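Overview (structure and organization)
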Amino acid sequence: QVQLVESGGGLVQAGGSLRLSCAASGFTFSKYAMGWFRQAPGKEREFVGVITRSGGGTTADSVKGRFAISRDNAKNTVYLQMNSLKPEDTAVYYCAATLLPRPADIGYEGYDYWGQGTQVTVSS
């Protein structure tokens, strides 16, 4: 049974940091690119970043220089380090997995497996 379980969300003041984790099971984690998406109330799901199976990372322009993605294949876990948080970063954050090439370009529809999400709230 495939599972992606996010953790690490919470309430933080603007300028603070959080690290999200996503623990995977039920599939061969090392073969998948792992993405992070977020969705704020009333808005569409938004790409945050992705790390390929070889470890190359890409982040959206809106978070570039503030967020970083990493993975530990031995632990079947992907991380999203979020620094210099802003109120506009408030959203539910989801991790997702895909086998498709160009995982930064395929949109959320291209991802096969999804976690349940974790809430991040940034207060001003």
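Every chain is numbered independently, its residues counted from 1 as its sequence is written. For a predicted model such as this one, the threshold for reporting local features is a pLDDT of at least 70, and the threshold for listing and counting side-chain atom pairs is 80 or more; totals across whole chains, interfaces and linings nevertheless cover every residue. Hydrogens and water molecules were not included; the side-chain quantities draw on all heavy atoms of the structure.

Observations concerning the pattern of salt bridges
Where side chains of opposite charge bring their charged atoms close, a pairing between them can arise. Just so we agree on the cut-off: By convention in these notes, a salt bridge is any Lys or Arg side-chain nitrogen within 4 Å of a carboxyl oxygen on Asp or Glu. Segments assigned H or I by DSSP are reported as helices when at least four residues long, segments assigned E as strands when at least two residues long, and all are numbered from the N terminus. The classification of residues rests on relative accessible area computed with a 1.4 Å probe and restricted to protein chains. Under 20% of the type maximum is buried, over 50% is exposed, and intermediate values are partly exposed.
Going through the model one piece at a time under the given rule, you end up with 4 salt bridges. Residue D89 pairs with R38 through a salt bridge whose shortest N-O separation is 2.9 Å. Taken as a pair, D89 in the loop between β8 (77-82) and β9 (91-98) and R38 in strand β4 (residues 33-39) lie far apart in primary sequence, 51 residues in all. Each member of the pair, D89 together with R38, is buried. Put simply, R102 and D105 hold a salt bridge, and the shortest N to O gap is 3.2 Å. Under the relative-accessibility criterion, R102 is labelled exposed at 60%. We classify D105 as exposed; its relative accessible area is 53%. Among the ionic contacts, a cluster of salt bridges with common partners joins R38, E46, R66 and D89.

Here's the deal with the sheet that holds strand β3 (residues 18-25)
Our working rule: DSSP calls a pair of strands paired once it identifies at least 2 bridges connecting them. Inter-axis angles, ranging from 0 to 180 degrees, are taken between N-to-C directions of lines fitted to C-alpha atoms, where helices are fitted over the stretch in contact.
The strand order across the open sheet built from 4 strands is β1-β3-β8-β7, with neighbouring strands paired in antiparallel fashion. Pairing within the sheet leaves two strands with one partner each, and these edge strands are β1 (3-7) and β7 (67-72). The average undirected angle you get between the axes of adjacent strands in this sheet is 15°. Where β1 lies against β3, 5 bridges are found, and the strand directions are antiparallel. Bridged to S7 within β3 is S21.

Focus on the nonpolar core
Put simply, the rule is: Note on terminology: a nonpolar core comprises buried Ala, Val, Leu, Ile, Met, Phe, Trp, Tyr and Cys residues joined through side-chain atoms within 4.5 Å. The contact definition used throughout considers only heavy atoms, calling two residues in contact when any of these lie within 4.5 Å.
Membership of the largest hydrophobic core comes to 28 residues, with the highest contact counts inside it found for M34, W36, L80, M82 and Y93. Going through the elements one at a time, β3, β4, β5 (46-51), β7, β8, β9 and β11 (118-123) are the ones with two or more residues in this core. The residues contacting Y93, other than those within four sequence positions of it, are E6, L20, F37, R38, V48, F67, L80, M82, G117, T118 and V120. In terms of nonpolar packing, the next biggest core, distinct from the first, is built from 5 residues, A33, F37, V50 and Y111 among them.

Focus: the pairing of β4
With respect to burial, β4 is a largely interior element, 6 of its 7 residues being buried. The pairing of β4 with β9 spans 7 bridges and is classified as antiparallel. What sits directly across from M34, in β9, is A97. Strand direction decides the pairing type here: β4 and β5, joined by 5 bridges, are antiparallel. Residue pairing across strands places W36 opposite G49, the latter belonging to β5. Between β4 and β5, which follow one another and run antiparallel, lie 6 residues, and G42 among them has a positive phi close to 80°.

Taken by themselves, the reported measurements are silent on function.
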